[in-house]
Amino acid sequence: MSVSVLGSGAFGTALAISLAGKGPVTLWARSGEQAQTMQATRRNDTRLPGVALPDAITVTAEITLACQSDVLLLAVPMQKLRDVLSVHGADLKGRILVACCKGIELSTGFGPIAVIEQVLPNARTALLTGPSFADDIARGLPTALTLACADADLGTRLQQALTTANLRLYRTTDVTGAELGGALKNVMAIACGACIGAGLGDSARAALMTRGFAEMQRFAAMRGARPETLMGLSGLGDLVLTCSSELSRNFRFGLSLGRNESFDAATTVEGVATANAMAAIASAEGLDMPICQTVAQLSRGAYSVAEALQSLLNRPLKEE
Ligand SMILES: NC(=O)C1=CN([C@@H]2O[C@H](COP(=O)(O)OP(=O)(O)OC[C@H]3O[C@@H](n4cnc5c(N)ncnc54)[C@H](OP(=O)(O)O)[C@@H]3O)[C@@H](O)[C@H]2O)C=CC1
Ligand SMILES: O=C(CO)COP(=O)(O)O
């Protein structure tokens, strides 16, 4: 199976580097200038500095060229996925589309697979998610991810095609569970970053991670996910990574909230839109998601960190 990566951000570039160990990979950048620079310098100084692009990678801004591969990895931010599919739908048709984004679309409450299926009905789809920083993958450090595909045979073929020397893929057919694990852990990472940034301590962070995980499980169960999926790489695994490392942009965004510092608006922070999408769905469904609701308020500036803390601590006492 030949592979292209659409989206030359940190994650797309890292995946292309890892896959290049197995054969030729085409990496699509939306900007012609960026594609030319990357192709010439063999670096991605904007999104993934300090790592060389192997010769097996061709960087191009020609979408038609990139879409000649059997498998297309869609490595763009969640809130941009619909745009990319709509604009380039004709080129994407007939290809196997693997979403690599983590989040929930704010305008619809859909995960990436539902967005793809709405824009391109009949598309063959899968999801790649789990605990991995782009930088770690690009440097060849060992990582394990989840490949979720409702079609078990296709999932098995994709698992083989996308596993590399440093990227070990596990597979599942529970797409909903894998999507929600990856989306919701970003919200919890913002909460944990704010907690650490405000000096509330590691005990408070452990409480947020644990109660946050309970919210993730509750939401996923409502959407029909399998409980064991949330216990795996795409749920618990990614929650642990993202809530405990300053390599995470969601965690760093939370830190900036906790410290009352500014944050670069150009940085991709998936948890903000996802918190707001989740909070709206939870309210509509009558589901108890206090950390999600609090992060949504915090990220909109509707709560200070002190108010966020009070809103969580003053909730009625309950059984665990
Ligand atoms: N970074 C990581 O460690 C990991 C990221 N992910 C997930 O991968 C997804 C992408 O993240 P990441 O690569 O890190 O983000 P980046 O911010 O590094 O890159 C985003 C990429 O998407 C491109 N893009 C944005 N909007 C559009 C659009 N409308 N059309 C075409 N391309 C567009 C950007 O192009 P341009 O540069 O021109 O703006 C850029 O190449 C996210 O959902 C993230 O959660 C998953 C696992 C790990
Ligand atoms: O998803 C990630 C790690 O698994 C990357 O996290 P951030 O988007 O917070 O940087």
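Residues numbered from 1 in each chain as written. Chains lettered and ligands numbered in written order. Predicted model: local features only at pLDDT ≥ 70, side-chain atom pairs only at ≥ 80, totals over all residues.

## As for the environment of Ile63
Right, on to step 1. Note that Ile63 resides in helix H3 (residues 63–66).
Right, on to step 2. Sequence spacing of Ile63 and Trp28 is 35 residues, and the spatial spacing of their C-alpha atoms is 6.7 Å. (Helix = DSSP H or I, 4+ residues; strand = E, 2+ residues; numbered from the N terminus.)

## Looking at helix H6 (residues 112–119)
Right, on to step 1. Taken residue by residue, H6 has Pro112, Ile113, Val115 and Ile116 as its buried positions. In an axial view of H6, the angular spread of the buried residues amounts to 160°, which keeps them on one side of the axis.
Right, on to step 2. Of the surrounding secondary structure, the elements contacted by the buried residues of H6 are helix H4 (78–87), strand S7 (96–99), strand S8 (124–129) and helix H9 (175–197). (Buried ≥ 20, exposed ≤ 12 C-beta atoms within 10 Å, placed from the backbone. Arc of directions from axis to C-beta. Contact = placed C-beta atoms within 7 Å.)

## Brief notes about the site of ligand 1
Right, on to step 1. Neighbouring ligand 1 are 25 residues, the closest being Gly9, Ala10, Phe11, Cys101 and Thr268.
Right, on to step 2. Secondary structure elements with two or more residues in the shell around ligand 1: helix H1 (10–19) and H4.
Right, on to step 3. Sorting elements by how many residues they give to the shell around ligand 1 places H4 first, with 4 residues.
Right, on to step 4. Class assignment of the residues belonging to the shell around ligand 1 gives a composition of 11 nonpolar, 8 polar and 6 charged. (Near = placed C-beta within 6 Å. Nonpolar A, V, L, I, M, F, W, Y, C, P; charged D, E, K, R; others polar.)

## Side note on the UniProt feature "binding site: NAD(+)" (unreviewed entry) in the protein
Right, on to step 1. The feature "binding site: NAD(+)" (unreviewed entry), as annotated in UniProt, sits at Gly7, Ser8, Gly9, Ala10, Phe11, Gly12, Ala134 and Arg249 in this numbering.
Right, on to step 2. For Ser8, the position within the fold is in the loop between strand S1 (3–6) and H1.
Right, on to step 3. Ignoring anything within four residues of it in the chain, the contact list for Ser8 reads Thr13, Leu27, Trp28, Ala29, Gln34, Met38, Asn44 and Val59.
Right, on to step 4. Following the sequence through the fold, Phe11 ends up in helix H1.
Right, on to step 5. Classification of Phe11 by C-beta neighbours within 10 Å gives buried; the count is 26. (UniProt positions renumbered as here; feature names shortened; annotations may be inferred.)

## Some words on the environment of Phe253
Right, on to step 1. Considering the arrangement of structural elements, one finds Phe253 in helix H13 (residues 249–259).
Right, on to step 2. A residue is classified by how many C-beta atoms lie within 10 Å of it, and Phe253, with 25 of them, is buried.
Right, on to step 3. If sequence neighbours within four positions are ignored, Phe253 has contacts with Ile190, Gly193, Phe263 and Val269.

## Details of the site of ligand 2
Right, on to step 1. Taken together, 13 residues surround ligand 2, and among them Pro131, Asp238, Ser248, Arg249 and Asn250 come closest.
Right, on to step 2. It is helix H12 (residues 233–243) that provides the largest number of residues to the shell around ligand 2, a total of 3 residues.
Right, on to step 3. Its residues assigned to classes, the shell around ligand 2 shows 4 nonpolar, 5 polar and 4 charged.
Right, on to step 4. Split by domain, the residues of the shell around ligand 2 number at least three in each of domain 1 (3–173) and domain 2 (184–313). (Domains from an automatic or database assignment.)

## Thoughts on the confidence of the model for the protein
Right, on to step 1. Confidence in the prediction of the protein, expressed as mean pLDDT, is 96, and 100% of residues score 70 or more.
Right, on to step 2. Reported for the predicted complex are a pTM of 0.97 and an ipTM of 0.99. (pLDDT = per-residue confidence, 0-100.)

## Points about the domain arrangement of the protein
Right, on to step 1. Each domain of the protein was delimited in the assignment, giving domain 1 (3–173) and domain 2 (184–313).
Right, on to step 2. Distance between the C-alpha centres of domain 1 and domain 2: 25 Å.
Right, on to step 3. The interface is formed by 19 residues belonging to domain 1 together with 17 residues belonging to domain 2.
Right, on to step 4. Elements with a contribution of two residues or more to the side of domain 1 that touches domain 2: H4, strand S9 (143–148) and strand S10 (167–172).
Right, on to step 5. Counting residues per element, the side of domain 1 that touches domain 2 draws most heavily on S9, which supplies 3 residues.

## Topic: the nonpolar core
Right, on to step 1. Of all hydrophobic cores here, the largest spans 60 residues; its most connected members are Leu6, Leu15, Leu73, Leu74, Val98, Ala99 and Cys100.
Right, on to step 2. Element by element, the count of residues in this core is highest for H1, at 7 residues.
Right, on to step 3. With sequence-adjacent residues up to four places away left out, Val98 is seen in contact with Val71, Leu72, Leu73, Leu74, Ala126, Leu127, Leu128 and Leu158.
Right, on to step 4. Counting 45 residues, the second-largest nonpolar core is a separate cluster that includes Ile104, Ala198, Ala275 and Ala277. (Core = buried A, V, L, I, M, F, W, Y, C linked by C-beta atoms within 7 Å.)

## Quick word on the UniProt feature "domain: Glycerol-3-phosphate dehydrogenase NAD-dependent N-terminal" (unreviewed entry) in the protein
Right, on to step 1. Sites flagged by UniProt as "domain: Glycerol-3-phosphate dehydrogenase NAD-dependent N-terminal" (unreviewed entry) map to residues 3–153.
Right, on to step 2. In the segment residues 3–153, helix accounts for 35% and strand for 26%; the C-alpha atoms at its two ends are 18 Å apart.

## Describing unusual backbone geometry
Most peptide bonds take the trans form, and the phi angle of most residues other than glycine is negative.
Right, on to step 1. Positive phi is not limited to glycine here, since Asn122 has a value of about 75°.
Right, on to step 2. Looking at Asn122, the number of C-beta atoms within 10 Å reads 8, which means it is exposed.

## Examining the environment of Leu19
Right, on to step 1. With respect to the helices and strands, Leu19 occurs in helix H1.
Right, on to step 2. Setting aside residues up to four positions removed in sequence, Leu19 forms contacts with Val3, Val25 and Thr164.

## With respect to the sheet that holds S9
Right, on to step 1. Sheet architecture is open: 8 strands sit in the order S5-S2-S1-S6-S7-S8-S9-S10, paired in mixed fashion. Each end of this open sheet is capped by a strand with a single partner; those strands are strand S5 (57–60) and S10. Here the average twist between neighbouring strands, direction ignored, is 25°.
Right, on to step 2. By the bridge criterion, 4 bridges tie strand S6 (residues 71–74) to S7 in an arrangement that is parallel. Counterpart to Val71 in the pairing with S7 is Ile96.
Right, on to step 3. Seen against the sheet, H1 touches S1, strand S2 (25–28), S5, S6 and S10 and runs at an angle of roughly 170° to S2.
Right, on to step 4. Against the sheet, H12 touches S8, S9 and S10, its axis set at about 145° to S9. (Pairing = 2+ DSSP bridges. Axes fitted to C-alpha atoms, helices over the stretch in contact; angles between N-to-C directions.)

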